[in-house]
Amino acid sequence: MVKLGDWIEPHPHGIYVRPADAWIDPSEPSARALVTPGHADHARGGHAAVWATPETLAIMAARYGEQAGNPVAYGETIRMGEVDVGFVPAGHCLGSAQIVLDHRGERVVVSGDYKRRPDPTCAPFEPVACDVFVTEATFALPVFRHPDTGDEIDKLIERLHANPDRCVLVGAYALGKAQRVIAELRERGHAAPIYIHGALQRLCDLYEGHGVRLGELQPATGVAKAEIAGHVVLCPPSALNDRWSRRLPDPITAMASGWMRVRQRARQKNVELPLILSDHADWDELTDTLTEISPREVWVTHGREEALVHWCMTRQIKARPLHLAGFEDEDD
């Protein structure tokens, strides 16, 4: 008896699509790699050939140098071996994609990282009916229910206006989160210049080059304290408490991350203003997505796998964890 999806082989270092002779998000150099988003836990350098969206290929080139890239636009389908392969939006960051695999009458969708909330910097998640849905599980515990994005941005703006002699220093990952914070601020009417750490400049420029409008951005390095007072400053999380930040005017330290739901994480990073802003689906978004897609099987990876598998099993949905290797904190 043929087992559903037995042509897909999960390994700790990636998912092998046997009839296409290709790997999805391999963590080791591969001959043929299909990449979901451009974050480092999915997109690695060193592959002989890469298939991804044009935006993801541009991100990989900015990070690793030019790739042997084969661009696949959203909605486009290509033939690889015996498999039809398509890329559809995942809503995670610029260029992020779910990979749709059709073979011998079965459809498998590998979600990569995704979220369901509106994001002005990327195309929204597109649900695709399938037989097997391979889902992430970064925030797959009921405790993780992200608050309204606008409310979190309003907290940031209110704190800024209440402290005109200080700045608000926001730690945000360089790919996706930093640009989203900037774009969300603009959507809430914050038109003032935003100062950024040099490590964010290249990817902010890349987003602008792909049509994401971020408004006026200024380098934060070498600027007088008086000039930055009353402004938002963005930096990588690693710079929140280092020597670089000490040159700022009494910064209110903030961090934009889904992990700010966990108070201990905020305390560990000396965060005064935790902003719960995630580029991953929360518990309700994960379970609502599974209900909407209604796959025959769910394969779970990257995060709290067992909790989501249990949720599926209590609803008579066949499910299993994949135990893939990966990192969680670059894009939360």
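Residues numbered from 1 in each chain as written. Predicted model: local features only at pLDDT ≥ 70, side-chain atom pairs only at ≥ 80, totals over all residues. Heavy atoms only, no water.

A. Region of the structure containing the sheet that holds strand β4 (residues 33-34). The strand order β1-β2-β3-β4-β5-β6 describes an open sheet built from six strands, whose pairing is mixed. Two strands lie at the open edges of the sheet, namely β1 (8-11) and β6 (69-71), each paired on one side alone. (Pairing = 2+ DSSP bridges. Helix = DSSP H or I, 4+ residues; strand = E, 2+ residues; numbered from the N terminus.)

B. Quick peek at the packing of helix α3 (residues 177-187) against helix α4 (residues 198-209). The N-to-C vectors of α3 and α4 enclose an angle of 60°; their axes lie 9 Å apart at closest approach. In the crossing of α3 with α4, the sense of the turn from one axis to the other is right-handed. Contacts between α3 and α4 involve A178, Q179 and I182 on the former and, on the latter, L200, L203, C204 and Y207. Across the contact of α3 with α4, the residue classes tally to six nonpolar, one polar and no charged. (Axes fitted to C-alpha atoms, helices over the stretch in contact; angles between N-to-C directions. Left-handed = near helix turned anticlockwise from the far one by under 90°. Contact = heavy atoms within 4.5 Å. Nonpolar A, V, L, I, M, F, W, Y, C, P; charged D, E, K, R; others polar.)

C. Structural view of the pairing of strand β12 (residues 168-171). Neither face of β12 is exposed, since V168 and V170 on one face and L169 and G171 on the opposite face are all buried. Relative to strand β15 (residues 232-235), β12 is paired through four bridges, and the arrangement is parallel. Its bridge partner lying in β15, V168 is registered against V232. (Buried < 20%, exposed > 50% of the residue type's maximum accessible area, 1.4 Å probe, protein only.)

D. Structural context of the side chain of H231. Residue placement: H231 occurs in the loop between α5 (225-228) and β15. Excluding its chain neighbours within four sequence positions, the residues that come into contact with H231 are L160, R166, C167, V168, A192, P193 and Y195.

E. Examining the nonpolar core more closely. One finds V170 and L234 to be the most contacted residues of the largest nonpolar core, which totals 36 residues. Not counting chain neighbours up to four residues away, the residues in contact with L234 comprise V170, A172, A178, V181, I182, I194, Y195, I196, H197 and L200. Counting residues in hydrophobic clusters, the runner-up holds 27 residues, among them A20, L34, M80 and A97. (Core = buried A, V, L, I, M, F, W, Y, C linked by side-chain atoms within 4.5 Å.)

F. Representation of the packing of aromatic side chains in the model. One pass over the structure, following the stated rule, counts six aromatic pairs. With 4.9 Å between their ring centres and 35° between their planes, Y114 and F125 make a pair best called tilted. Taken together, the residues Y114 in the loop between β10 (106-110) and β11 (132-137) and F125 in the loop between β10 and β11 connect sequence positions 11 residues apart. Residue classification places F125 among the buried positions, given a relative accessible area of 9%. Among the aromatic residues, those joined into a ring-pair cluster are Y114, F125 and F133. Lying across the ring of W259, R265 places its NZ or CZ 4.1 Å from the centre. Here the guanidinium or amino end of R320 rests over the ring plane of W299, the centre of that ring lying 4.3 Å away. (Phe/Tyr/Trp six-rings, centres within 6.5 Å; stacked < 30°, edge-to-face > 60°. Lys NZ or Arg CZ within 6 Å of the ring centre and 35° of its normal.)

G. Broad picture of the packing of helix α7 (residues 283-293) against helix α8 (residues 305-314). Remark: α7 packs on α8, axes separated minimally by 12 Å, with the N-to-C direction vectors making an angle of 40°. Classed by the angle they form, the pair α7 and α8 counts as oblique. Crossing hand, α7 versus α8: right-handed. Here α7 contributes W283, T287, L290 and T291 to the contact with α8, which in turn contributes A307, L308, W311 and C312. (Parallel < 35°, antiparallel > 145°, perpendicular 65-115°, else oblique.)

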